[in-house]
Amino acid sequence: MKFIFATLLFVSLVLSSSFAQLSSTPPPSPAPPGFCDSKCGERCAKAGLKDRCLKYCGICCRECNCVPSGTYGNKSECPCYRDKLNSKGQPKCP
């Protein structure tokens, strides 16, 4: 019985220490000022609805700290940007 108690205590200590390490990682640093404006300006250069493109590109850039190159596609360069979805399940970032 003591062995089972000691094992459970050990497992709980290991799990709690692993959670403490996960919570101590710092959040990603924000993009430098002007970074998103310039990158989204390039990304949305050929967009039909430029204001909307710049708005959503800016939101995605601030959250992901990256914008894919070019005016279309290349989303594999930035997985966070690629994987953001709107409430309808469609891609959020242009």
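Parameters and conventions
- Residues numbered from 1 in each chain as written.
- Predicted model: local features only at pLDDT ≥ 70, side-chain atom pairs only at ≥ 80, totals over all residues.
- Heavy atoms only, no water.
- Helix = DSSP H or I, 4+ residues; strand = E, 2+ residues; numbered from the N terminus.
- Buried < 20%, exposed > 50% of the residue type's maximum accessible area, 1.4 Å probe, protein only.
- Contact = heavy atoms within 4.5 Å.
- Areas by Shrake-Rupley, 256 points an atom, 1.4 Å probe, with all protein chains shown as cover.
- Core = buried A, V, L, I, M, F, W, Y, C linked by side-chain atoms within 4.5 Å.
- Disulfide = S-S within 2.5 Å.
- Arc of directions from axis to C-beta.

A separate point is the overall build of the chain. Across its full length, the chain carries four helices and zero strands. For the chain, the N- to C-terminal ordering of α and β elements is α-α-α-α. Going through the 94 residues of the chain one by one, you find that 16% of them count as buried. Relative to all contacts within the chain whose residues are 6 or more apart in sequence, the contacts with residues 24 or more apart total 44%. Surface exposure of the chain reaches about 7100 Å², of which carbon and sulfur atoms provide 63%.

The next subject is the nonpolar core. Cys36, Cys40, Cys44, Cys53, Cys57, Cys60, Cys61, Cys64, Val67, Cys78, Tyr81 and Cys93 form the largest nonpolar core, which has 12 residues in total. Of all the elements in the fold, those that place two or more residues in this core are α2 (35-43) and α3 (50-64). Sort the elements by how many residues they give to this core and α3 lands first, with five residues. When neighbours within four sequence positions are excluded, valine 67 is seen to be in contact with Lys39, Cys40, Arg43, Cys57, Cys61 and Tyr81.

Each disulfide consists of a covalent bond between the sulfur atoms of two cysteine residues. Tallied over the full model, the rule gives six disulfides. Between the sulfur atoms of cysteine 36 and its disulfide partner cysteine 61 the distance amounts to 2.1 Å. Where cysteine 36 bonds to cysteine 61 through sulfur, the torsion about that S-S bond is close to -80°, and the disulfide is left-handed. In this pair, cysteine 36 sits in helix α2 while cysteine 61 sits in helix α3, placing the two residues 25 residues apart along the sequence. Taking the relative accessible area as the measure of exposure, cysteine 36 reaches 9% and is therefore buried.

Even without being a glycine, asparagine 65 presents a positive backbone phi close to 60°. Within the secondary structure layout, asparagine 65 lies in the loop between α3 and α4 (79-83). In the Ramachandran plot, asparagine 74 falls in the positive-phi region, its phi being about 55° despite a non-glycine side chain. Topologically, asparagine 74 is positioned in the loop between α3 and α4.

Our next topic: α2. Residues of α2 that are buried include every one of Cys36, Cys40 and Arg43, and no others. The buried residues of α2 all sit within an arc of 55° when viewed along its axis, so they share a single face. Exposed side chains of α2 directed beyond 90 degrees from the buried face belong to Asp37 and Glu42.

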